[in-house]
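Summary of structural features
Each chain, letter by letter, is given below.
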There are 2 protein chains.
Amino acid sequence: MARRPGRDYGPGPRRPWRPPAADADTLMESRTRPRLPPTEAPPSRIERLCIERGLKMTGQRRLIARVLSEAEDHPDVEDVYRRALALDSKVSIATVYRTVRLLEENGILEKRDFGGGRARYDLADRGHHHHLIDVDSGRVIEFADKEFDALAQRLAQRLGFDLVGQRLELFGRKPTEAPRTTPRRRAGGDT
Amino acid sequence: MARRPGRDYGPGPRRPWRPPAADADTLMESRTRPRLPPTEAPPSRIERLCIERGLKMTGQRRLIARVLSEAEDHPDVEDVYRRALALDSKVSIATVYRTVRLLEENGILEKRDFGGGRARYDLADRGHHHHLIDVDSGRVIEFADKEFDALAQRLAQRLGFDLVGQRLELFGRKPTEAPRTTPRRRAGGDT
DNA sequence: GTACCTGCAAATGTTTTGCGAGCAT
DNA sequence: ATGCTCGCAAAACATTTGCAGGTAC
């Protein structure tokens with residue numbers, strides 16, 4: 001990695017620009033919507049949950065809550081940050097981190113780790129589900145399966161434990177598709 | 001570090017998830033080896049694998065290979081580093097990182113992520129298995145299950161994918177025992 | 001008014017890397 | 001020989017935090 005001697009611990013450039021395919025999800029939330037001043041928009045789903053829990057609602061939190069409520073994928077903090085910026089005012093990434101953590105601590109978000117070093121977030125009330133990650137595109141597909149849940153229960157039992165949580169991720173590849181294109185890193189094409 | 005949306009840097013993205021290698025062999029190596037001086041000790045299991053693959057064997061690599069071969073848990077880099085230091089000479093943690101990555105790239109180790117921010121490593125030829133984590137003690141129990149493997153296969157198929165990898169982790173708690181809130185986090189109580 | 005928020009920059013913790021020196025093949 | 005390795009320190013990054021000024025309630 002390039003490294004300039006004499007360069008002090010400067011402003012850390014963050015992540016490289018995402019490949020174009022990342023826009024698949026940007027699309028869904030950039031849909032035309034009247035640009036209302038933040039205060040006039042109807043409360044997002046997450047905002048309602050926050051109020052229920054007595055969290056102080058500031059402009060930034062409302063904004064982040066909106067972005068997360070509208071996301072249908074599993075955005076990382078950077079994604080949330082970018083979408084928030086695009087949507088409206090200026091937020092600091094530190095605030096995004098803080099808010100996302102707050103929401104997680106309040107059971108509103110769930111933190112996921114699909115590898116790749118960044119945490120990704122998911123609305124908690126979407127219900128119990130698992131993920132299949134397309135290793136070629138990075139796309140994430142959600143699914144649920146009763147049979148698996150029962151099996152997990154049984155497995156834990158067999159080992160002498162009560163099941164209190166589980167994590168199942170499948171990694172797959174589309175069979176007939178051209179297999180050889182550049183294996184895309186964990187880019188954004190997530191659903 | 002402050003972040004600015006304006007700039008980007010080169011090769012940021014890490015390697016995409018690498019499907020875990022499956023293997024048949026399941027015999028767990030027991031640590032019943034005589035403690036000989038490092039240079040005279042018989043080649044560890046990992047060392048043999050390295051030689052097979054034509055990797056250059058240095059003193060440090062032999063040492064790290066030995067530590068990993070003898071480990072029956074899922075050590076993180078720090079653990080490997082400490083054990084290597086205790087066992088013999090001075091290694092740099094950078095070398096541990098480099099070696100562990102080399103071994104992973106050569107299919108000898110598998111990288112695991114049980115949360116907690118540190119990667120943990122596991123001999124690849126221990127065979128295909130999953131983990132149950134005792135949430136009270138942090139202990140990790142390995143298990144394998146044919147029925148699950150078949151189910152995973154079927155689930156992927158149903159979603160239109162070929163299964164190339166999977167990750168299953170169960171989190172459990174001992175039922176009858178007093179649910180004592182033992183300090184869990186990385187205390188080393190790992191199996 | 002007061003306790004909590006925010007933005008900024010600096011700090012953290014983990015992992016990677018440039019560099020010159022050293023070692024395996 | 002010579003190309004791969006090593007140790008060291010610094011870089012790279014994702015994430016957290018201290019602080020001073022603002023804001024929700």
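Residues numbered from 1 in each chain as written. Chains lettered and ligands numbered in written order. Predicted model: local features only at pLDDT ≥ 70, side-chain atom pairs only at ≥ 80, totals over all residues. Heavy atoms only, no water.

What counts is decided by this rule: UniProt positions are given in the numbering used here, feature names are shortened, and annotations may be inferred rather than shown by experiment.
The name recorded for chain A in an unreviewed UniProt entry is Ferric uptake regulation protein, from Roseomonas fluvialis. Regarding chain A, the relevant UniProt record gives this comment under Sequence similarities (unreviewed entry): "Belongs to the Fur family."

1. What to know about the overall build of chain A
Spelled out, the test is: Secondary structure elements are defined from DSSP: runs of H or I of at least 4 residues count as helices, runs of E of at least 2 residues count as strands, and each element is numbered from the N terminus. Throughout, a residue-residue contact means that at least one pair of heavy atoms, one from each residue, lies within 4.5 Å. All accessible areas in this document rest on Shrake-Rupley with a 1.4 Å probe, and a residue is counted as covered only by the protein chains that are shown.
For chain A, the helix and strand inventory stands at six helices and five strands. Walking chain A from its N terminus toward its C terminus, one meets helices and strands in the order α-α-α-α-α-β-β-β-β-α-β. A separation of at least 24 residues holds for 59% of the contacts in chain A among residues at least 6 apart in sequence. Element-wise, carbon and sulfur atoms account for 52% of the exposed surface of chain A, whose accessible area totals about 10,500 Å².

2. Looking at the sheet that holds strand β5 (residues 162–173) of chain B
The pairing of strands in a sheet happens through backbone hydrogen bonds and is either parallel or antiparallel. Note the cut-off: Each pair of strands is called paired provided DSSP finds at least two bridges between the two strands. Here, axes are lines fitted to C-alpha atoms. For helices the fit covers the stretch in contact, and angles between N-to-C directions go from 0 to 180 degrees.
One open sheet accounts for six strands, arranged β4(A)-β3(A)-β5(A)-β5(B)-β3(B)-β4(B); its pairing is mixed. Each of the sheet's edge strands pairs with one partner strand only, and the pair in question is β4 (140–143) of chain A together with β4 (140–143) of chain B. Between one strand axis and the next, the sheet turns through 20 degrees on average, direction left out of account. Direction of pairing for strand β3 (residues 130–134) of chain A relative to β4(A): antiparallel, over a ladder of four bridges. When the sheet's bridge partners are listed, A:H131 is paired in β4(A) with A:E142. Packing against the sheet, helix α6 (residues 146–158) of chain A makes contact with β3 and β5 (162–173) of chain A together with β3 (130–134), β4 and β5 of chain B, and its axis sits at approximately 125 degrees to β5(A).

3. Section: the packing of helix α3 (residues 59–70) of chain A against helix α4 (residues 77–87) of chain A
Residues and elements named next belong to chain A. What counts here: In this scheme, roughly parallel covers angles under 35 degrees and roughly antiparallel covers those over 145, while 65 to 115 is roughly perpendicular and the rest are oblique. Helix crossings get a hand from a simple test, with the near helix turned counterclockwise from the far one by less than a right angle marking a left-handed crossing and a clockwise turn marking a right-handed one. The residue classification treats Ala, Val, Leu, Ile, Met, Phe, Trp, Tyr, Cys and Pro as nonpolar and Asp, Glu, Lys and Arg as charged. All others, Gly included, are polar.
As a packed pair, α3 and α4 sit with axes 9 Å apart at the nearest point and diverge in direction by 115 degrees. Considered as vectors, α3 and α4 are oriented roughly perpendicular to each other. Note that α3 runs across α4; the crossing there is right-handed. Counting all contacts with α3, which are made through L63, I64, R66, V67 and L68, the residues of α4 involved are V80, R83, A84 and L87. Partitioning the contact of α3 with α4 into residue classes produces seven nonpolar, no polar and two charged.

4. Considerations on helix α2 (residues 45–52) of chain A
Residue and element names in this part refer to chain A. Which entries qualify depends on this criterion: Three labels apply to residues, based on accessible area from a 1.4 Å probe with only protein chains included: buried if under 20% of the type maximum, exposed if over 50%, partly exposed otherwise in between. When we speak of the arc, we mean the arc of directions from the helix axis to the C-beta atoms.
Listed as buried for α2 are I46, E47, L49 and C50. Down the axis of α2, the smallest arc covering the buried residues is 160 degrees, so these residues share one side. In this fold, the buried residues of α2 make contact with α3, α5 (93–105), β1 (109–112) and β2 (120–123). One or two positions beyond α2, positive phi appears at G54, with a value near 75 degrees.

5. Things to note about the nonpolar core
Residue and element names in this part refer to chain A. Inclusion rule: Buried Ala, Val, Leu, Ile, Met, Phe, Trp, Tyr and Cys residues that are joined via side-chain atoms within 4.5 Å together make up what is termed a nonpolar core.
Counting residues in hydrophobic clusters, the biggest one holds 25 residues, and the most contacted among them are I46, C50, L68, V96, V100, L103 and L109. Only α2, α3, α4, α5 and β2 provide two or more residues apiece to this core. Among all residues touching V96, those that are not within four sequence positions of it are I64, V77, V80 and Y81.

6. Looking at the environment of A:A84
All names here are of chain A. With respect to the secondary-structure elements, A84 resides in helix α4. A residue is classified by how much of its surface remains accessible, and A84, at 0% relative accessible area, is buried. Note: C-alpha distance between A84 and A65 (19 residues apart in sequence) is 9.4 Å. Residue contacts for A84: discarding those within four places in its chain leaves L63, V67, S89 and V91.

7. Comments concerning the pattern of salt bridges
Applied cut-off: Only one rule defines a salt bridge in this text: a Lys or Arg side-chain nitrogen within 4 Å of an Asp or Glu carboxyl oxygen.
With the rule as written, the count across this model stands at 24 salt bridges over all chains. Close ionic contact of A:R167 with B:E169 constitutes a salt bridge, the shortest N to O distance being 2.8 Å. With A:R167 in strand β5 and B:E169 in strand β5, the pair connects residues from two separate chains. With a relative accessible area of 2%, B:E169 lands in the buried category.

8. Observations concerning the pairing of strand β2 (residues 120–123) of chain B
Residue and element names in this part refer to chain B. The alternating pattern of β2 places R120 and D122 on one face and Y121 and L123 on the opposite face, and all of these are buried. Two strands pair when backbone bridges link them, and strand β1 (residues 109–112) and β2 are joined in this way by four bridges, in the antiparallel orientation. Each residue of the ladder has a partner; that of L109, found in β2, is L123.

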